[in-house]
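Here is how the chains run, residue by residue.
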Amino acid sequence: MDDLILTQTGDGNRRKILGQAKDLGHSVSSTFVGLSPKAEKAALISKLRKVIRDDKELGKLDNAMKSDTNKLTTAVLDSCLPHALQRKFPANHMSLMTQSGAKGSNVNLSQITCLLGQQELEGRRVPVMVSGKTLPSFQPFDTSARAGGYITQRFLTGIKPQEFFFHCMAGREGLVDTAVKTSRAGYLQRCIIKHLEGLRVNYDQTVRNFDGSVVQFHYGEDSLDVTKQPYLTKFDFVARNFSGFLEKHNPWAATTAVDNDKAPRLLKKLHKNANMDPVLSFLNPSRYLGAVSEEFNKKLEEVSSSFFR
Amino acid sequence: MKISTVLKNLTRGKSPLSMRGKAKIPQKAWRGKDCEESGIIFESGELVVGVLDKNQFGASEFSLVHVSFPHFSFVTFDCFISDTLPHPGLLRTLRP
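None of the values given here were measured: they were computed from a predicted structure.

**Re the interface of chain B and chain A**
If you look at the interface, chain B gives 16 residues, while chain A gives 14 residues. The biggest single contributor to the side of chain B that touches chain A is helix α3 (residues 64–71) of chain B, with 3 residues. Of the residues that constitute the side of chain B that touches chain A, the class distribution is 6 nonpolar, 4 polar and 6 charged.

Here is the structure:
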């Protein structure tokens, strides 16, 4: 358990930051409806009645509240993790577990040690019932962040019933997402793939449909289009293993095949005229060895100029 | 067995692998301690500094496993990631 306990100063800071934000909900919703942050409760409620009946307005209020509560959450987390843990990193088995990626993440650690934060349902805060409450135990038109599903409690010291219920609501949505959305996405994928079954990549690098109509002019992913290889611009790695690459690829054989003329000349033209199409659209790299993308050329020039400096 | 031993044996008679990488645990996690645990240095097939973790073996970009593919021939790469030795006949035909 001592892996999860904050130091006394850390705990104090957490309490202080959360205490300072006690009337955050009131000030945010007051400014949202156009009143001063410390407006009268009755005036605010009469304005809020309209907001709560209008789904679009309620969404905007939710976003305003969420952005402020999220700031509060990050403020608390920044003040506590990881330096305010009673046991510091290598000796703290929980943070060792999350940091090394063995199991769990930063979210789990912060939910246990600091706070749960804003609970969300379908990208919104907890929905308000017709009564103007989010749960029967709250006052109608309660503007506090707590009534909107903001949880300042943590798992280590326990969650109150209202907060627990909100957390369960958000947790169920996660379950529904995985259960329902996988089946829907799977069927959707099956449908789209059915429409794509006629596609093929041709030898001129175009993707064409069953009737020969062009769908994409150039198809490329890692293994198919060498200009998109991830190691192509890792020049430091190539330089470090220079002899190894020489053994593997035998670039001398390519020297006679490389066209050192056409592509650079086109590139020069391109520099003068910004509206021109890229070099690769004129010189297909699978035919004209030496034709490279502008981006690659730029990076190569940078590296070679830094070498010869 | 040391990883350097494996690498050196696999690249016997060829150029060894050199690379730089980053460990999963960042430098700032080792607060106040002057250590170089977060960087990985392979120099000429020898592990000089660093811990090999998820960032080197897992599905992360530019990990040791990924880096070794463009460097090795695929036969050598196959031996590196599995526990088999290359078939002698294969080596004769593929090695120069």
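Picking up after the structure, the text goes on.
**Some details on the environment of V279(A)**
Residue and element names in this part refer to chain A. As for its position among the elements, V279 is in helix α11 (residues 279–282). Classification of V279 by C-beta neighbours within 10 Å gives buried; the count is 22. Linking V279 and R265, residues 14 residues apart in sequence, is a C-alpha distance of 9.7 Å. Once residues lying within four places of it in the same chain are set aside, the contact partners of V279 are A263, L266, L267, L270, A291 and E294.

**Some points on the nonpolar core**
All names here are of chain A. By size, the foremost hydrophobic cluster in this structure holds 18 residues, and its most contacted members are V76, C80, L115 and I151. For this core, the elements supplying multiple residues, two or more each, are α2 (24–33), α4 (55–80) and β2 (150–151). Here this core gets 5 residues from one element, more than from any other, and that element is α4. Each residue touching V76, except ones within four places of it in the same chain, is listed here: R14, I17, L18, C114 and L115.

**Considerations on the confidence of the model for chain B**
In the predicted model, chain B carries a mean pLDDT of 81, and 85% of its residues have values of at least 70. Across the interface, the model reports ipTM at 0.82; the global pTM reads 0.75.

**Brief notes about the pairing of strand β2 (residues 39–43) of chain B**
Residues and elements named next belong to chain B. The side-chain alternation of β2 yields one buried face, formed by I40 and F42, and one unburied face, formed by G39, I41 and E43. Where strand β1 (residues 19–22) and β2 come together, 4 bridges link them in antiparallel fashion. If you follow M19 over to β2, its bridge partner there is F42. As defined by bridge partners, β2 adjoins strand β3 (residues 46–49) across 3 bridges and the pair is classed as antiparallel. Looking across to β3, one finds that I41 is bridged to V49. Where β2 folds back on β3, the antiparallel hairpin that results is connected by 2 residues, among which S44 adopts a positive phi of roughly 50 degrees.

**Points about the environment of K2(B)**
Following the sequence through the fold, K2(B) ends up in the segment before α1 (3–10). Expressed as a C-alpha distance, the spacing of K2(B) and L47(B), which sit 45 residues apart in the sequence, is 8.9 Å.

**So, the domain arrangement of chain A**
Interfaces are often sized by the amount of accessible area the parts lose when they come together. Once the domains are mapped, chain A shows domain 1 (8–176), domain 2 (198–224) and domain 3 (229–307). The straight-line distance from the C-alpha centre of domain 1 of chain A to that of domain 3 of chain A is 52 Å.

Reading the values: the criteria
- Residues numbered from 1 in each chain as written.
- Chains lettered and ligands numbered in written order.
- Predicted model: local features only at pLDDT ≥ 70, side-chain atom pairs only at ≥ 80, totals over all residues.
- Contact = placed C-beta atoms within 7 Å.
- Helix = DSSP H or I, 4+ residues; strand = E, 2+ residues; numbered from the N terminus.
- Nonpolar A, V, L, I, M, F, W, Y, C, P; charged D, E, K, R; others polar.
- Buried ≥ 20, exposed ≤ 12 C-beta atoms within 10 Å, placed from the backbone.
- Core = buried A, V, L, I, M, F, W, Y, C linked by C-beta atoms within 7 Å.
- pLDDT = per-residue confidence, 0-100.
- Pairing = 2+ DSSP bridges.
- Domains from an automatic or database assignment.

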